[in-house]
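Below are the chains, spelled out letter by letter.
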Amino acid sequence: MRKRMIAGNWKMNETYTEGVALAEGLAKELADGTGDVDVVVCPPAVDMKGVAEVIDQQNAPFALGGQNVYWEEKGAYTGETAPNMLTNIGATYCIIGHSERRGYFGETDEDINKKAKALMAHDIVPISCCGEPLEVREAGKHVEFVVDQIKKDTEGLQITDPSKYVVAYEPIWAIGTGKTATADDAQEVCGAIRKTLAEIFGQETADGIRVLYGGSAKPNNVAGFLEKEDVDGALVGGASLKADSFAAMVKAAM
Ligand code: PGA
């Protein structure tokens, strides 16, 4: 059975000092544990070590993730972070292919595929994002668009443990806009993602891969998404920046 997952994407928010305080607040909110739910926080790179220390010192029930990675091991790649730099400070997850990285920084499906391979070689779980822009949705081509992303992003991956590869479906028009997809919209695409994963990796593997929904997910709507068969959790932006609202989403998933 798939364990539910609630992952927080802090994006470019929270200084080191603020990030440590947010992690401490979250540790307090979740002091009674998270039941069967995997919880991940993905702070900005410069905050990660501080959050790792909070997790360690408070034995906090959440894991640490990066927001991006580069696929090379080391070298002259100014501004980038290598996979072993993430593992060295205790990160076990990393978001890749977020629509903001695709849109603002020109990331391609080929890049995302290389990043997934590099992460998996270091035993870091990719949280690989996909999702369509508004015009594609309005043209009714969203399923086709996302299926194509999934095929390219997973090309040549070896998934031996399906709990170690996560997909996040985030329709771009619903990110940070307050405009959520309905639970049925999410199910339509998440179901198509699982079907595609089954065609590529076999049904058993596809049944073990978590598919998250993201895009204006909030404490008051997350339960509706989680009721859907192929939605296994949420990737949360704005609502992950307050310890109480993020913890409320974890509790709604428990
Ligand atoms: P949002 O962001 O929850 O603020 O819409 C989600 C995301 O981009 O991961």
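Preceding this paragraph is the structure being described.
A brief report on the enclosed structure follows. (Residues numbered from 1 in each chain as written. Predicted model: local features only at pLDDT ≥ 70, side-chain atom pairs only at ≥ 80, totals over all residues. Heavy atoms only, no water.)

**Quick look at unusual backbone geometry**
Here the phi dihedral of D123 falls at roughly 60°; this positive angle occurs in a residue that is not glycine. With respect to the secondary-structure elements, D123 resides in the loop between α5 (109–121) and β5 (125–130). For S216, which is not glycine, the phi torsion reads 55° and is therefore positive. Position of S216 among the secondary structure elements: in the loop between β7 (210–214) and α10 (222–226). You can call S216 buried: its relative accessible area is 11%. (Helix = DSSP H or I, 4+ residues; strand = E, 2+ residues; numbered from the N terminus. Buried < 20%, exposed > 50% of the residue type's maximum accessible area, 1.4 Å probe, protein only.)

**With respect to α5**
With 13 residues, α5 extends 18 Å from end C-alpha to end C-alpha; this agrees with the ideal 18 Å at 1.5 Å per step. Along α5, the positions that sit buried rather than exposed are D109, D111, I112, N113, K115, A116, A118 and L119. Contact partners of the buried residues in α5: α3 (83–88), β4 (91–96), α4 (99–105), β5 and α7 (142–153). One or two positions beyond α5, positive phi appears at D123, with a value near 60°. (Expected span 1.5 Å × (residues − 1). Contact = heavy atoms within 4.5 Å.)

**Here's the deal with the packing of aromatic side chains**
Counting across every chain of the model gives 5 aromatic pairs. Measuring from ring centre to ring centre gives 5.0 Å for Y70 and Y77, while their planes differ by 45°; the resulting arrangement is tilted. Take Y70: its relative accessible area is 17%, and that puts it in the buried class. You can call Y77 partly exposed: its relative accessible area is 34%. (Phe/Tyr/Trp six-rings, centres within 6.5 Å; stacked < 30°, edge-to-face > 60°.)

**Let's talk about the nonpolar core**
I6, F62, V167 and I193 are the most contacted members of the largest nonpolar core, which totals 65 residues. Ranked by size, the runner-up nonpolar core spans 14 residues in total, among them M5, Y93, I127 and L212. (Core = buried A, V, L, I, M, F, W, Y, C linked by side-chain atoms within 4.5 Å.)

**Topic: the side chain of E132**
With respect to the element layout, E132 can be found in the loop between β5 and α6 (134–138). Its relative accessible area of 0% is what places E132 among the buried residues. Looking at E132, its side chain comes within polar contact range of the side chain of W173, at 2.9 Å. If we ignore the near neighbours within four places in the chain, the residues touching E132 are R137, H142, F145, V146, Y169, E170, P171, I172 and W173. (Polar contact = N/O pair within 3.5 Å; in protein donor to acceptor, adjacent residues only side chain to side chain.)

**Let's talk about the site of the ligand**
Taken together, 13 residues lie around the ligand, and K11, H98, E170, G176 and S216 are the ones closest in. At 2.7 Å, a backbone N or O of S216 approaches an oxygen atom of the ligand. At 2.9 Å from an oxygen atom of the ligand is found a main-chain nitrogen or oxygen belonging to G237. Coverage of the ligand by the protein amounts to 96% of the 290 Å² it exposes when considered alone. Here the residues of the shell around the ligand sort into 4 nonpolar, 7 polar and 2 charged. (Near = heavy atom within 4 Å. Areas by Shrake-Rupley, 256 points an atom, 1.4 Å probe, with all protein chains shown as cover. Nonpolar A, V, L, I, M, F, W, Y, C, P; charged D, E, K, R; others polar.)

**What to know about the sheet that holds β5**
If you trace the 8 strands once around the closed barrel, you get β1-β2-β3-β4-β5-β6-β7-β8, paired in parallel fashion. Each strand of the sheet is rotated relative to its neighbour by a mean of 25°, with strand direction disregarded. With 4 bridges joining them, strand β6 (residues 166–169) and β7 adopt parallel strand pairing. For V167, the partnering residue across the bridge sits in β7 and is V211. Sitting on the sheet, helix α2 (residues 48–58) touches β2 (38–42), β3 (63–66) and β4, and the angle it makes with β3 is about 170°. In this fold α7 packs onto β5 and β6, with an angle of close to 150° to the strand it touches most, β5. (Pairing = 2+ DSSP bridges. Axes fitted to C-alpha atoms, helices over the stretch in contact; angles between N-to-C directions.)

**Topic: the pattern of salt bridges**
Oppositely charged side chains can form a pair if their charged atoms are brought close together. On inspection of all chains with the given rule, the structure shows 17 salt bridges. A single salt-bridge network, built from bridges that share partners, covers R2, R194, D230 and D232. (Salt bridge = Lys/Arg side-chain N within 4 Å of Asp/Glu carboxyl O.)

**Observations concerning the pairing of strand β8 (residues 233–236)**
Each regular strand displays side chains that alternate between the two surfaces of the sheet. Across the two faces of β8 the burial is the same, with G233 and L235 and A234 and V236 all buried. With 2 bridges joining them, β7 and β8 adopt parallel strand pairing. Note on β8: the bridge partner recorded for G214 is L235.

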